[in-house]
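# A structural walkthrough
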Amino acid sequence: MNQPFDSDLPNIDAPAIGPPTTDPVPQPFEVKFATRVDRLPPYMFGRINNSLYQKRRAGDDVIDLGMGNPSDPPDPSVIQKLADAAADPGNHGYSKSNGISNLRREVASKYYRLYGVRLDPDTEVMSCLGSKEGFSHMCLALMGPGDTAIIPSPYFPVHMYGVILAAGNVVALDVADSEMFLRNVAYTCEHMAPTPKVLIVNYPHNPSSAVIEPEFFVEVVRLAKKYGFMVIHDFAYADVAFDGYRPPSFLAAKGAKDVGVEFTTMSKGYNMAGWRVGFCAGNSEMIRGLGTVKGYYDYGMFAAVQIAAIVALRETDTNVEKQSRIYQGRRDVLVSGLRRLGWDVTPPKAGMFVWAKVPEPWASSMSTMDFALKLLEEGNVAVSPGSGFGQGGEGFLRMSLVENEQRLRQAVRQISKCLG
Ligand SMILES: Cc1ncc(COP(=O)(O)O)c(C=O)c1O
């Protein structure tokens, strides 16, 4: 007689399924990416980088104004501190995901010293593995399907794709005129439902070098409170400015901490790009969200790097200012050289880039990508085509100030020769 059905007992009387009598037709093994990866476009700088690599392998001396990768070293005292801290056996375990407290304290004290902003180092400052890591994980903490972020156009790629990878949508607004940008933010909020959840801003702006004055952030805070969006300010070029201009901190605007955060980095002004040291500061709830995501993904920076970063923040302000003057000298050489060739270039007030209009007749006869490839292949000068920063960058080239003045003069001569 059949036993009554009992869901807690395994059904041991069920007939076994025999092995297949024929082998299945072998299918080619396929790696299938997640939709979030399939949403990413092909890497726009791939063609340029590939050609640059081939040329260098062939022995060509290419002047590389492509990436904003600082070529000067950090202050020797910082390198020495790194070596000393690395020699200490106590510094080799896992560190804390949000950064050691002395480093967060040093960041808070720099904010007070430079911008008069008071931050609680325990709840309002977090260390990141470079600001790009922090920014992309902040997107993951805040954005999801159905959420929209407003970003600048043209855009630094992670401002767009950090949101896309978090399954959010993007509205890109022209960054060239800051008042128009703010009017467009308000217009978008008035006409979109649901309203955008996050506003991403970046001044001094990469790639266009656009800058703003402190009133800009006062208006950003007002709009954020009116329309209920959160603000992320990418302040990567906080430390690189010219002719007495001082890039304002978003957090110095009254009420900024109520609505947003700011990312800073030691990559640019401190020449520590490879060290991967960045910070997020501001709204404690947003930082808590970032900390939650990071807590699952990483164990924080190598402690020796954090200890050396404290020394850099505490003792090398003059070096940071000196580095800005070096970039200013390079800017002057490159801008005056390009102007002599008849190019329409505005000298940047800050950042590490010259954003130059592609001159005629090339602007109307070829794409910006083809023009950049021409400069590389025929002139041995690598630049970034503006289209790599979205459609808003078409018609422009981004030239970074990482080569020395002599090499920049040489670059102008090579461009001149290549364009006849
Ligand atoms: C606007 C902007 N944000 C962030 C970064 C990345 O900085 P980090 O080295 O701190 O990740 C860069 C680097 O080029 C940048 O230009």
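Just so it is clear, the structure is predicted and the values come from calculations on it, not from any experiment.

A few words now on the UniProt feature "domain: Aminotransferase class I/classII large" (unreviewed entry) in the protein chain. The residues that UniProt annotates with the feature "domain: Aminotransferase class I/classII large" (unreviewed entry) are residues 61–415. As a span, residues 61–415 carries 44% helix and 15% strand, and end to end its C-alpha atoms are 14 Å apart.

Next up on the list: the domain arrangement of the protein chain. Often, the extent of an interface is quoted as the loss of accessible area upon association of its parts. Domain parsing of the protein chain yields domain 1 (46–68 + 318–418) and domain 2 (76–315). The centre of domain 1, based on its C-alpha atoms, is set 27 Å off from the matching centre of domain 2. Between domain 1 and domain 2, the residue contacts involve 20 residues of the former and 25 residues of the latter. Counting residues per element, the ones that place at least two in the side of domain 1 that touches domain 2 are helix 12 (317–340) and strand 9 (353–357). When residues of the side of domain 1 that touches domain 2 are assigned to their parent elements, the largest contribution, six residues, is made by helix 12. Grouping the constituent residues of the side of domain 1 that touches domain 2 by class yields eight nonpolar, nine polar and three charged.

Let us look at the pairing of strand 7 (residues 260–265). Within strand 7, six of the six residues are buried, leaving the element largely enclosed by the surrounding structure. The two faces of strand 7 match: G260, E262 and T264 on one face and V261, F263 and T265 on the other face are all buried. By the bridge criterion, four bridges tie strand 6 (residues 230–234) to strand 7 in an arrangement that is parallel. Pairing of D234 across the sheet is with F263, part of strand 7.

The rules behind each value
- As a convention, each chain's residues are numbered from 1 in the sequence order in which they are written.
- Where local features are concerned, this predicted model is filtered to residues with pLDDT of at least 70; where side-chain atom pairs are given and counted, the filter is 80 or more; whole-chain, interface and lining totals use all residues.
- UniProt positions are given in the numbering used here, feature names are shortened, and annotations may be inferred rather than shown by experiment.
- Strands here mean DSSP runs of E at least two residues long; helices mean DSSP runs of H or I at least four residues long; both are numbered from the N terminus.
- Domain ranges listed in this record stem from an automatic or a database domain assignment.
- Note on contacts: residues are paired as contacts if their backbone-placed C-beta atoms lie within 7 Å.
- Gly falls in the polar group here, along with every residue not listed as nonpolar (Ala, Val, Leu, Ile, Met, Phe, Trp, Tyr, Cys, Pro) or charged (Asp, Glu, Lys, Arg).
- Exposure classes come from backbone-placed C-beta atoms, where a residue is buried if 20 or more other C-beta atoms lie within 10 Å of its own, exposed if 12 or fewer do, and partly exposed in between.
- Two strands are counted as paired when DSSP detects at least two bridges linking them.

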